[in-house]
Amino acid sequence: MTQVQAHNLSGKNRRIAMLAGFMGLAMLGMGYAAVPLYEIFCRVTGYGGTTQRVGEAQAATVQATTRVMSVRFDSNVNSALPWSFKPENPVDRVSVGARDMAIYIATNNSDQPVVGTATFNVTPVQAGKYFNKVQCFCFTEQLLKPGQTMRMPVLYYVDPAIMDDPETRDIEEITLSYTFYRSKDGKALDPAKSGS
């Protein structure tokens, strides 16, 4: 092998090594971006029953229709969270397009302050992109003091566009489900764990 061939081979190896390094960094970056990108995808498309979040201004432009459907409210609590959690009324009949409010009631059954965070979805999953929340306790973490009971509102409406979609126009009932978990950040508020 001549010196020129060795130099060309060395240059090719360097380019391949740089390309492999770049690919590795790109894959690492995609790994970190996957969760936020998936969450954005779910919010935009309603995939997996993900509900939509809208502002007051957008909600004010929606007109109520004469079509009525049932909305069921489901509640669950992870075993690591010492709370009880349930809807005030398990079923509501709402006009499509009209804003309505559901109330959930949560009680901290422990002798420590505890912060919880709620995950949510709707079924059937196709209805997710038409179920709009204007205000919800699930948008932020919730702190309950020992023995405290709190009423937690959800202000929502079902978008009238649900009636135009061939996959959703025959839906007569939507179930809104919440599961409360102990917040990772909230554990620091537990005096026994924070040392205060």
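Residues numbered from 1 in each chain as written. Predicted model: local features only at pLDDT ≥ 70, side-chain atom pairs only at ≥ 80, totals over all residues. Heavy atoms only, no water.

### A few points about the pattern of salt bridges
Piece 1. Counted according to the given criterion, the structure contains four salt bridges.
Piece 2. Taking the shortest distance from any N to any O, the salt bridge between E173 and R72 comes out at 3.1 Å. Taken as a pair, E173 in strand β10 (residues 173-182) and R72 in strand β2 (residues 68-77) lie far apart in primary sequence, 101 residues in all.
Piece 3. The exposure class assigned to E173 is partly exposed, which follows from its relative accessible area of 34%.
Piece 4. You can call R72 partly exposed: its relative accessible area is 37%. (Salt bridge = Lys/Arg side-chain N within 4 Å of Asp/Glu carboxyl O. Helix = DSSP H or I, 4+ residues; strand = E, 2+ residues; numbered from the N terminus. Buried < 20%, exposed > 50% of the residue type's maximum accessible area, 1.4 Å probe, protein only.)

### Remarks on the confidence of the model for the protein
Piece 1. On average, residues of the protein carry a pLDDT of 81, and 76% of them reach 70 or more.
Piece 2. Long-range and interchain partners of residues 186-196, a stretch whose pLDDT sits below 50, account for 14 contacts in this model, where long-range means more than four residues apart. (pLDDT = per-residue confidence, 0-100. Contact = heavy atoms within 4.5 Å.)

### A closer look at the nonpolar core
Piece 1. Core analysis: the biggest nonpolar cluster contains 31 residues, and F137, I174 and Y178 have the highest contact counts within it.
Piece 2. Counting residues per element, the ones that place at least two in this core are β2, β3 (83-87), β5 (100-108), β6 (114-123), β7 (131-136), β9 (149-158) and β10. (Core = buried A, V, L, I, M, F, W, Y, C linked by side-chain atoms within 4.5 Å.)

### Quick word on the side chain of K133
Piece 1. One can find K133 in strand β7.
Piece 2. D74 provides the closest opposite charge to the buried, salt-bridge-free K133, at an N-O distance of 12 Å. (Lys, Arg positive; Asp, Glu negative; His and termini not counted.)

### As for the side chain of T168
Piece 1. In this structure, T168 sits in the loop between β9 and β10.
Piece 2. Ignoring any residue separated from it by four or fewer positions in sequence, one finds T168 in contact with Q126, A127, Y130 and I162.

### Section: the sheet that holds β2
The strands making up a sheet are joined through hydrogen bonds of the backbone, oriented either antiparallel or parallel.
Piece 1. Across the sheet, five strands lie side by side as β4-β2-β10-β6-β8; this open sheet has mixed pairing. Each having just a single partner strand, β4 (91-95) and β8 (142-144) make up the two edges of the open sheet. Here the strands of the sheet are splayed against their neighbours by 30° on average, with no regard to which way each runs.
Piece 2. By the bridge criterion, three bridges tie β6 to β8 in an arrangement that is antiparallel. Within the sheet, the bridge partner assigned to G116 lies in β8 and is Q142. (Pairing = 2+ DSSP bridges. Axes fitted to C-alpha atoms, helices over the stretch in contact; angles between N-to-C directions.)

### What about the packing of aromatic side chains?
Piece 1. What the rule picks out here adds up to 12 aromatic pairs.
Piece 2. An angle of 75° between the planes, with centres 5.9 Å apart, marks the rings of F85 and F137 as edge-to-face. Within this pair, whereas F85 is found in strand β3, its partner F137 is found in the loop between β7 and β8, the two being separated by 52 residues in sequence. Each member of the pair, F85 as well as F137, is classed as buried.
Piece 3. Their ring planes at 85° and their centres at 4.8 Å tell us that F85 and F180 sit as a pair that is edge-to-face. Pair noted here: F85 is in strand β3 and F180 is in strand β10, with a separation of 95 residues, a long-range link. (Phe/Tyr/Trp six-rings, centres within 6.5 Å; stacked < 30°, edge-to-face > 60°.)

### Re a nonpolar patch on the surface
Piece 1. There is a patch of nonpolar side chains on the surface, built from L19, F22 and M23 and spanning about 330 Å² of accessible area.
Piece 2. Looking at the secondary structure, you find F22 in helix α1 (residues 3-45).
Piece 3. Classification of F22 as exposed rests on a relative accessible area of 56%. (Patch = residues over 30% accessible without salt bridge, like charges linked within 9 Å, V, L, I, M, F, W, Y side chains within 5 Å. Areas by Shrake-Rupley, 256 points an atom, 1.4 Å probe, with all protein chains shown as cover.)

### Section: the environment of N108
Piece 1. Mapping N108 onto the fold places it in strand β5.
Piece 2. When the C-alpha positions of N108 and L81 are compared, they lie 8.6 Å apart, and in sequence the two are 27 residues distant.
Piece 3. Once residues lying within four places of it in the same chain are set aside, the contact partners of N108 are P82, W83, P113, V114, L144, K145, P146, G147 and Q148.
Piece 4. Within the structure, N108 has its side chain in polar contact with the backbone oxygen of K145 (distance 3.2 Å). (Polar contact = N/O pair within 3.5 Å; in protein donor to acceptor, adjacent residues only side chain to side chain.)

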